[in-house]
Amino acid sequence: MSIATDTSPATGTTGSALRDRAFGNATGLACRECGHEIELGPHYACPECFGPLEVAYDFPEVTREQIEAGPRNIWRYKALLPVPDDIEQSPNMEPGYTRLLRADNLARELGLEKLWVKDDSTNPTNSFKDRVVACALSAATEFHSKVFACPSTGNLANAVAAAGARAGIKTVVFIPANLEKPKQVNSAVYTENLVAVNGNYDDVNRLASEIAGEEEGWAFVNVNVRPYYAEGSKTLGYEIAEQLGWRLPDQIVIPVASGSQLTKVHKAFQELIKLGLVEDKPYKVYGAQATGCSPVSVAYKAGIDAIRPVKPDTIAKSLAIGNPADGIYVLDICRETGGAVEDITDDQVREAIVLLARTEGIFTETAGGTTVGVLKKLVETGQLDTSLETVVINTGHGLKTLDAVSDLVGAAATIEPSYAAFTASGII
Amino acid sequence: MSVHVRIPTILRTYTGGASEVTADGATLSAVLDDLEANHTGIRARVLDDGGELRRFVNVYVGNDDVRFLEGLASPTPDGTKISIIPAVAGG
C-alpha cells in the first residue's frame, strides 16, 4: 500500500524512530472517511478531512490452532492487533479471555431461547477497558511516550492508572468532578495524578485533546493513540466467536458510549470471516443507550444519519458521551445488519441491574444494566428474534456503581438474634 | 472584531506552525472567511464541500460547542477565544 508522507515520519510522541515490527502486522493508518493513508504514528485525525484514523493491516494466514495455542488473554489474538510479536514479554495487565456464560435463567425470564452473557467485569480492573488500554500501552511504549494519560468517564481511568503502574510509566487521568466516588478511588489508588475537571465528559475530552496537541511525549490512550487503543475492543468479538465454538452469534446487544466498541466487535466478526476462521453468516447488531444520553438511538429512530450532540443526564455515566464520535458508524452497522439502537430510562437501568444479578449471579454496573435492559425492551417490542442465539455484553462490575441500586436492594428484614424472630420475619 | 483562534496540530501547516492566530469577524462564518484570507486552504479543512462543519471537527466559541449555539452563525464577540479541535471519543 502507498503511504503518503505529508505528516510526521514514523516516529513516536518524543520524535524517536520506531523499531521494526513495533506494531506487528499493522501497515499504516487509514482515514475511515476519505481513505487517506499515513504512516504509523501517534496520529488520530486525518490531515485531509479530520476523519478518524484506523489501523490498516496486512494479515498473514492465521489458524484456529495458532490462536488456541496462545495465552489465555487477548494476546492469543496478537497477530490481529497492532502490537509487536513479543508483546507477552512487556509488563501489562494481560486482560481478556473472560467468561462467556450461558444465561438460561435470564433467557427464561425474558422469553429468549438461547442467551449468553459475555462477562467482561472479570478483567483486572473490572471492565472491558483493560483490553483497549493494553493495546494503547503497547503503542505508548513503542512511541517512547513519557506520560500515559486519558480523559475518562471512570472505567478507562481505572484501567489506565493500573496498567501504567504495572508498566512503570507516569500516569495522569482526567475525570468529570461529579463521577461516582468508587470510580475515583479505583483510579486514585493506582496514581498520584487523578485530575477532577469541573465539567462533563465532553468537556474533559476537549481538555485532553488540547493537551495532547501541546505536550510532547504524552500518550492519551483515547486521543492521540486512539487508533491502536480502539483495536483492543476487537478481542471481545474474537473471544465471543471462539467461545461459541468458532462461530458467530445470530444477534448481539452492545452498549454505546462513543460507539467504538460496537464498531470494533463488528469489525472483529468481519475479520474472522475474511480470514476463514468462522463461517460467513448474517448476524444482527443492536446498540444500547440510556435515554438521558441517547443521541445515537434518537438518530436511529428518526431515520437520519447525523448525530445531534446532547448534554448527558443519566446514571449510566460510563455511557454518558453526548457527542459520540463513532455514532454514525453505529447507525450504519445496526441498519446494515438488520439490528437496531434502543434506549431505556434510568429506572429501567436499575431494574435490569437487579434482574441480571438475581437471574445469573452477575453484578453489573450501569452500562451493563443499560445493555440488559435494552435487551429486555428489544424482546418486548418485537425488535429481536427470541428463537435466535443472542449474546449480550456486560462491560463492567457493579461494585463500581453501588449507588445506582443502593435504594433498590437491602435487608429484607431486621430481626432480633432468635429463631422465633426469624420465623416471624416471613423470610421462609 | 478581533478574536483568538486555537489551531490544532494538523492545521498548523497552514499557519506557519502557529498554535494560535488572530482573526476578524462577527460570526464564526466570518472568522473562517478571514482565516482563509490569511491562511489559504484552512477553510476547506474545517468545512465540507457543502460549506458545513465537517463531521469530525468540533469548534468551540469560548467554552461552548457551536453545535449547541448557532453553528456557523454563532456570534464571535471581540476578544473571544475560538478552538478548533478534532473530534475524539473514549469513555
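Residue positions are counted from 1 within each chain, in the order its sequence is given. Whichever chain is written first becomes A and whichever ligand is written first becomes 1, with later ones labelled in order. Owing to the predicted nature of the model, reporting of local features is limited to residues with pLDDT of at least 70; listing and counting of side-chain atom pairs is limited to 80 or more, with chain, interface and lining totals taken over all residues.

Enquirer: Hey, could you run me through the pairing of strand E3 (residues 57-61) of chain B in this one?
Expert: Residues in a regular strand project their side chains so that they alternate between the two faces of the sheet. All names here are of chain B. Three classes are used. A residue is buried when 20 or more other C-beta atoms lie within 10 Å of its own, exposed when 12 or fewer do, and partly exposed in between, with C-beta atoms placed from the backbone. Only DSSP runs of H or I with at least four residues qualify as helices, and only runs of E with at least two residues qualify as strands; both kinds are numbered from the N terminus onward. Taken across its 5 residues, E3 has 5 buried, putting it largely inside the fold. Residue alternation in E3 divides its side chains into two sets, Val57, Val59 and Val61 and Asn58 and Tyr60, and both sets are buried. Two strands qualify as a pair provided DSSP detects at least 2 bridges between them. Relative to strand E5 (residues 81-86), E3 runs antiparallel, the two being bridged by 5 bridges. Each residue of the ladder has a partner; that of Asn58, found in E5, is Ile85.

Enquirer: Sorry if this is basic, but what is going on with the interface of chain B and chain A here?
Expert: In many reports, interface size means the accessible area that the parts give up when they come together. By the convention adopted here, residues make contact when the C-beta atoms placed from their backbones lie within 7 Å. Taken together, the contact between chain B and chain A spans 18 residues of the former and 32 residues of the latter. Counted by class, the side of chain B that touches chain A contains 11 nonpolar, 3 polar and 4 charged residues. Three classes are used, and their members are as follows: Ala, Val, Leu, Ile, Met, Phe, Trp, Tyr, Cys and Pro are nonpolar, Asp, Glu, Lys and Arg are charged, and the others, Gly among them, are polar.

Enquirer: Got a minute to help me understand the sheet that holds strand E10 (residues 251-255) of chain A in this structure?
Expert: Paired through their backbone hydrogen bonds, the strands of a sheet run either parallel or antiparallel. All names here are of chain A. Across the sheet, 6 strands lie side by side as E4-E5-E13-E10-E11-E12; this open sheet has mixed pairing. A strand with exactly one partner marks an edge of an open sheet, and here the two such strands are strand E4 (100-102) and strand E12 (340-344). Averaged over neighbouring strand pairs, the angle between their axes works out to 25° when direction is ignored. What counts as an axis is a line fitted to C-alpha atoms, over the stretch in contact for a helix, and the angles between N-to-C directions run from 0 to 180 degrees.

Enquirer: Is there a simple way to think about the confidence of the model for chain B in this case?
Expert: Keep in mind that low pLDDT regions are not for reading the predicted coordinates in detail. Values of pLDDT, the confidence the predictor places in each residue, fall between 0 and 100. When the pLDDT values of chain B are averaged, the result is 91; 96% of them are 70 or greater. In the predicted assembly, ipTM is 0.82 and pTM is 0.92.

Enquirer: Honestly, the environment of Gly369 of chain A in this entry has me stumped. Any pointers?
Expert: Looking at the element boundaries, Gly369 of chain A is found in helix H13 (residues 366-380). Residues Gly369 of chain A and Glu180 of chain A, 189 residues apart in the sequence, show an inter-C-alpha distance of 16 Å.

Enquirer: Got a minute to help me understand the domain arrangement of chain A in this structure?
Expert: All names here are of chain A. What counts as a domain boundary in this text is fixed by an automatic or database domain assignment. Domains assigned within chain A are domain 1 (100-124 + 233-404) and domain 2 (129-229). The distance between the C-alpha centroids of domain 1 and domain 2 comes to 24 Å. Across the boundary between the two partners, domain 1 contributes 19 residues, which contact 15 residues of domain 2. Of the residues assigned to the side of domain 1 that touches domain 2, the class counts are 7 nonpolar, 8 polar and 4 charged.

Enquirer: Looking at this structure, I do not really get the nonpolar core. What am I missing?
Expert: General note: in soluble globular proteins, nonpolar side chains tend to be found buried as a group. Residue and element names in this part refer to chain A. Counting residues in each nonpolar core, the largest one holds 153 residues, and the members touching the most others are Ala136, Val160, Val173, Ala219, Phe220, Ile254 and Tyr286. In terms of residue count, the dominant contributor to this core is helix H3 (residues 129-142) (8 residues). Both domain 1 (100-124 + 233-404) and domain 2 (129-229) contribute no fewer than three residues apiece to this core. Think of a nonpolar core as buried Ala, Val, Leu, Ile, Met, Phe, Trp, Tyr and Cys residues chained together by C-beta atoms that fall within 7 Å.

Enquirer: Mind showing me how you'd approach helix H12 (residues 346-360) of chain A here?
Expert: The α-helix advances 3.6 residues per turn, and as a result positions three or four apart in sequence lie on the same side. Residues and elements named next belong to chain A. The terminal C-alpha atoms of H12, which comprises 15 residues, lie 21 Å apart, in line with the 21 Å expected from a rise of 1.5 Å per residue. Within the span of H12, buried status applies to Gln348, Val349, Arg350, Ala352, Ile353, Leu355, Leu356 and Glu360. Against E4, helix H2 (104-110), strand E5 (114-119), strand E11 (284-290), E12 and H13 lie the buried residues of H12. Taken from the residues just after H12, Gly361 is the one with a positive phi, measuring 70°. One less than the residue count of a helix, multiplied by 1.5 Å, gives the span that helix is expected to have.

Enquirer: Honestly, the sheet that holds strand E2 (residues 37-38) of chain A in this entry has me stumped. Any pointers?
Expert: All names here are of chain A. Taken in spatial order, the 3 strands make up an open sheet running E2-E1-E3, and their pairing is antiparallel. The sheet terminates laterally at E2 and strand E3 (53-57), the two strands that pair on one side only. In this sheet, E3 lies alongside strand E1 (residues 26-31) in antiparallel orientation, the contact comprising 5 bridges. By the bridge assignment for E3, Gly28 is matched with Ala56.

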